[in-house]
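Observations on the three-dimensional arrangement
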Amino acid sequence: MDTKFIGKKSAAAGGWGALKSCGKQLLQSGMPISGARTMLKANQPDGFDCPGCAWGDPEHGSSFEFCENGVKAVAWEATEKRATPAFFAEKTVSQLRQLTDYELELNGRLTHPMRYDAASDRFLPVAWKDAFAEIGSILTGLDNPNRAEFYTSGRASNEAAFLYQLFVRVYGTNNFPDCSNMCHEASGIAMRQAVGVGKGTVLLEDFEEADAIFVIGQNPGTNHPRMLGDLRRAAIRGARVVVFNPIRERGLERFSDPQDKIEMLKGGSTDIASLYLQPQLGGDMAAVRGMAKAVLAAENAAVSAGLPSVLDRAFLAEHCVGFAEYRAAVEATSWADIEDQSGLSRQEIERAADVYIDAERVICTWAMGVTQHLHSVATIREIANFMFLRGNIGRPGAGLCPVRGHSNVQGDRTVGINEKPSDDLLDALEKHFRFTVPREHGHNVLAAIGAMLDGSAEAFIGLGGNFARATPDSALVEKALRRLKLSVHIATKPNHSHLMPGEAAFILPCLGRTEMDLNAAGNSQLVSVEDSMSMVHGSAGINRPASPHLLSEVAIIAGIAQATVGSAVVGWAELADDHDRIRDHIEATIPGFENYNARLRKPRGFHLRNTAAHREWDTPAGKASFSCEALPDETVHQRARKGEGRFALQTFRSHDQYNTTVYGLDDRYRGVYGERQVIFIHPADLKAMNAEAGDRVDVVGEHDDGIERIAENFRFVPYEIPRGSIAGYYPELNVLVPLGSAGRESDTPTSKSIMVSFRRRQAA
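All of the points below concern the structure found in this document. (Residues numbered from 1 in each chain as written. Predicted model: local features only at pLDDT ≥ 70, side-chain atom pairs only at ≥ 80, totals over all residues. Heavy atoms only, no water.)

For the protein, the count of helices and strands is 31 helices and 31 strands. With the C-alpha coordinates aligned to their principal axes, the bounding extent of the protein is approximately 80 × 65 × 55 Å. Out of the 764 residues belonging to the protein, those deemed buried represent 63%. Taking all contacts inside the protein whose residues are at least 6 apart in sequence as the whole, residues at least 24 apart take part in 79%. Surface summary for the protein: the accessible area is close to 27,300 Å², and the carbon and sulfur share equals 50%. Charged side chains in the protein number 82 positive and 96 negative. The centres of these two groups are separated by 4 Å. (Helix = DSSP H or I, 4+ residues; strand = E, 2+ residues; numbered from the N terminus. Buried < 20%, exposed > 50% of the residue type's maximum accessible area, 1.4 Å probe, protein only. Contact = heavy atoms within 4.5 Å. Areas by Shrake-Rupley, 256 points an atom, 1.4 Å probe, with all protein chains shown as cover. Lys, Arg positive; Asp, Glu negative; His and termini not counted. Charge placed at Lys NZ, Arg CZ, Asp CG, Glu CD.)

See the structure below:
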């Protein structure tokens, strides 16, 4: 059996392996020296914001505020390779579609605006003014603005996102399918219900004061590696780190900091998790409910013994509603149900609860391992409940911390990218710009796909991202995109979404985050982003653009807007030439941006005030609100074990990947090399199937909608994962995620709870 792709896992995250990978990526870019110089300006006050993750920057930063994945992202963008018109002339779109995501993006940066020619099945160069004119003509020719969908990726700046939402609302719709619909939608909804604000309540400095940090459904080592430095420092000073994750992730076990010279020279590393628990897929809510049950039992014991209260009774009395009902719900939940649904023992859960009880200040942080389930909103409400018990919100060293993915996904929402805008936002836009804003709620991602499939949506514009590969049910999404009258993709590199053209289709190349954006006067333009800690800071590119034909995202949006709605309401060209003016409009319409331009130019920017962090609760009750929802009737792993040969699948990233961008074919933290079509599975499950490592299978979706979903030719990798649960990479496995399976309230695809079975294949 061929198992050469399965190799040794890194002994620790980071370390020499990270430095070697950084060097490899810079060499592959073709610009190793200039690339290294560029990295020294990443996340610096006079430099650019890393186009990778949304982890915060420290108040007193060093010269090396970047990580391995940051180097990959910058090298990927700053490559010397170019996807010129000659590249598109060599192959038809049908031929390009046969390339993998990795092979396609290896061709480098887009250099010219391109238009699809159906007769030759090729993309051909087009002048910017002609592209804008045709796009505007098609948009204005639709019989209803709601027939167009306007997608936003988290890579867009605040300025681009604000201008985009303004254009679209002047055009007449709130159709804003957004990448946040597919990741942290549940976090925003649940936290608004619980504490009145949909953002995390902590600052980066709170990690320096926390006594315990609970990390749930999150893999910082791959998804936001700079977080490992903060977890490492916390562990060194004695803070307890408790991990709930079905997969054993190297970054949560041990980390070797490349900036620690002594640790590097000695080949050492720091233990991160003091307690690592592996719940079954979908079992996090039960695990947190179990910890709450243990805390309440400890409270009862303390009261009986005449000891000090375990609970923060003052916080509960002054700041909370619904505690009595929640306590009754917890006490009504049996340990048998908690153990069965979580996949953890009572003893394991009680050990985690003891850490919580012993800690004065606790942070709870989570990511998509929590948010991409049917019951994600209820799970995050349960996390908030748990944190309320001991007043772990609204004070130093404690709070709720959802960690966003892309670098400005949170900022995009702050400045108005929302299919369900608040009346306050719409009123402010209407008053300031003096036009009648659309009030009807628009489409999120799943609704947009549905509208494209049934023909009620006829146009799609994507501001960054790779919509076709980021979304679920790949075959249906391809069908949806290819039946459009118009598809427009604003991008830096070719990707698979571009190869699913509508009747009229355009690829519009934009500047990257590292590149200078010069206005008509030759001045470099500044943009801004917001990180997961609500810090807003500036970003100015330092590199020469990859092509003289590139425009900024702001300029492209302004060009489309001018050609579509004219300049009667907004002077688009003036705003594109002076981003300070865009920020003036943001200041006038979005709360928290007072003195925007002045504060942005201060080192490290400024913080957007978070009311919940100050124990001000913008909820209907005016207080932090407990939820008393029961555990789910059944989770995906409980359903899977009812049928022979069924498994609960989650998708995730490899270490050589960020979102849908694949930088390489290795995943050294999990010991997989040169292969992406793999399934991680418990060795005992392999044995039960009479299968071995390296065996080939087709993975078959088991959704009850009559649609056959198959991911072909995957190979088994034995791994430390609960029995009955399996895992593999997206976007390759997105074909198995049904459009019809979405989170309750959040409408987020359930990419972490997919029912599947296997079909054996013959060895090649």
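Now for the pattern of salt bridges. Tallied over the entire structure, the rule returns 47 salt bridges. Asp101 serves as the salt-bridge partner of Arg469, at 2.6 Å between the closest nitrogen and oxygen. On the criterion of sequence distance, the pair formed by Arg469 in helix 24 (residues 467–470) and Asp101 in helix 6 (residues 101–105) is long-range, its members being 368 residues apart. When its relative accessible area of 5% is taken as the criterion, Asp101 is described as buried. Asp130 is the salt-bridge partner of Lys129, the closest N and O atoms lying 3.3 Å from each other. Within this structure, Asp2, Lys4, Glu675 and Arg715 form a network of salt bridges that share partners. (Salt bridge = Lys/Arg side-chain N within 4 Å of Asp/Glu carboxyl O.)

This brings us to the sheet that holds strand 6 (residues 148–152). Reading across from one edge, 5-4-17-16-15-6 is the order of the six strands in this open sheet, with mixed pairing throughout. Each of the sheet's edge strands pairs with one partner strand only, and the pair in question is strand 5 (122–125) and strand 6. Taken pair by pair, the neighbouring strands of this sheet meet at an average axis angle of 20 degrees, ignoring direction. Note: strand 4 (residues 114–117) against strand 5, four bridges, orientation antiparallel. Across the sheet, Arg115 pairs through a bridge with Leu124, a residue of strand 5. Seen against the sheet, helix 7 (residues 128–141) touches strand 4, strand 6, strand 15 (459–463), strand 16 (486–491) and strand 17 (504–509) and runs at an angle of roughly 135 degrees to strand 17. (Pairing = 2+ DSSP bridges. Axes fitted to C-alpha atoms, helices over the stretch in contact; angles between N-to-C directions.)

For sheets, the rule is that strands pair by backbone hydrogen bonds, running either parallel or antiparallel. Pairing in this open sheet of five strands is parallel, and the strands run 11-8-7-13-14 from one edge to the other. Of all the strands in the sheet, the pair left with one neighbour each is strand 11 (275–277) and strand 14 (399–402). Direction aside, the axes of adjacent strands within the sheet are offset by 15 degrees on average. Across five bridges, the pairing between strand 7 (residues 212–216) and strand 8 (residues 240–244) is parallel. Bridging from a neighbouring strand, Ile216 pairs with Phe244 of strand 8. Running over the sheet, helix 9 (residues 185–195) touches strand 13 (362–366) and strand 14 and is turned about 165 degrees from strand 14. Sheet strands touched by helix 20 (residues 376–388): strand 7, strand 13 and strand 14. Its angle to strand 13, the strand with the most contacts, is close to 175 degrees.

On to the pairing of strand 14, then. Along strand 14, one buried face is formed by Gly399 and Cys401 and the opposite face, lined by Leu400 and Pro402, is buried too. Two strands pair when backbone bridges link them, and strand 13 and strand 14 are joined in this way by four bridges, in the parallel orientation. Among the inter-strand pairings, Thr365 is bridged to a residue of strand 14, identified as Cys401.

Tracing the backbone through its elements, the reader meets Glu732 in the loop between strand 30 (725–729) and strand 31 (754–760). Using a relative accessible area of 19% as the deciding quantity, one classes Glu732 as buried. Here Arg676 takes part through its side chain, which lies 2.6 Å from a polar atom of the side chain of Glu732. Ignoring any residue separated from it by four or fewer positions in sequence, one finds Glu732 in contact with Arg676, Ala711 and Phe714. (Polar contact = N/O pair within 3.5 Å; in protein donor to acceptor, adjacent residues only side chain to side chain.)

In terms of burial, helix 11 (residues 226–236) is a largely internal element, nine of the eleven residues being buried. Those residues of helix 11 that fall on the buried side of the exposure criterion are Arg226, Met227, Leu228, Gly229, Asp230, Leu231, Arg232, Ala234 and Ala235.

Turning our eyes to something else, we now look at the environment of Tyr164. Mapped onto the elements of the fold, Tyr164 is located in helix 8 (residues 158–171). Residue class for Tyr164 comes out buried when judged on its relative accessible area of 1%. For the pair Tyr164 and Gly391, spaced 227 residues apart in sequence, the C-alpha separation works out to 40 Å. Beyond its immediate stretch of four places on either side in the chain, Tyr164 contacts Phe150, Tyr151, Thr152, Phe176, Ile417, Ile461, Gly462, Leu463 and Ile557.

Now for the packing of helix 14 (residues 284–304) against helix 17 (residues 335–342). Look at helix 14 against helix 17: their axes get within 8 Å of each other, and the N-to-C directions meet at 145 degrees. Judged by the twist between their axes, the crossing of helix 14 over helix 17 is left-handed. Contact residues: helix 14 offers Ala286, Ala287, Arg289, Gly290, Lys293 and Ala294, while helix 17 offers Trp335, Ile338, Gln341 and Ser342. Taken together, the residues of the contact of helix 14 with helix 17 break down into five nonpolar, three polar and two charged. (Left-handed = near helix turned anticlockwise from the far one by under 90°. Nonpolar A, V, L, I, M, F, W, Y, C, P; charged D, E, K, R; others polar.)

Further remarks concern the environment of Leu600. As for its placement among the helices and strands, Leu600 is situated in helix 29 (residues 596–600). A relative accessible area of 4% places Leu600 in the buried class. Look past the residues within four positions of Leu600 in its chain and what remains in contact with it is Leu526, Val527, Ser528, Val536, His537, Gly538, Arg583, Gly605 and Phe606.

Counting 62 residues, the largest nonpolar core has Val195, Phe214, Phe244, Phe388 and Leu389 as its most contacted members. Setting aside residues no more than four positions away along its own chain, Phe214 makes contact with Val242, Phe244, Met291, Ala352, Val355, Tyr356, Val362, Ile363, Cys364 and Thr365. Ranked by size, the runner-up nonpolar core spans 61 residues in total, among them Ala148, Tyr164, Ala558 and Ile560. (Core = buried A, V, L, I, M, F, W, Y, C linked by side-chain atoms within 4.5 Å.)

This paragraph deals with the packing of helix 9 against helix 20. Taken N-terminus to C-terminus, the directions of helix 9 and helix 20 make an angle of 40 degrees; their axes are 8 Å apart at the nearest point. The angle between helix 9 and helix 20 falls in the class oblique. Two packed elements cross with a definite hand, and for helix 9 against helix 20 that hand is right-handed. For the pair helix 9 and helix 20, contact is made by Ala186, Ser187, Ile189, Ala190, Met191, Gln193, Ala194 and Val195 and by Ser376, Val377, Ile380, Arg381, Ala384 and Phe388, respectively. When its residues are assigned to classes, the contact of helix 9 with helix 20 shows ten nonpolar, three polar and one charged. (Parallel < 35°, antiparallel > 145°, perpendicular 65-115°, else oblique.)

So yeah, pure geometry; function would need other evidence.
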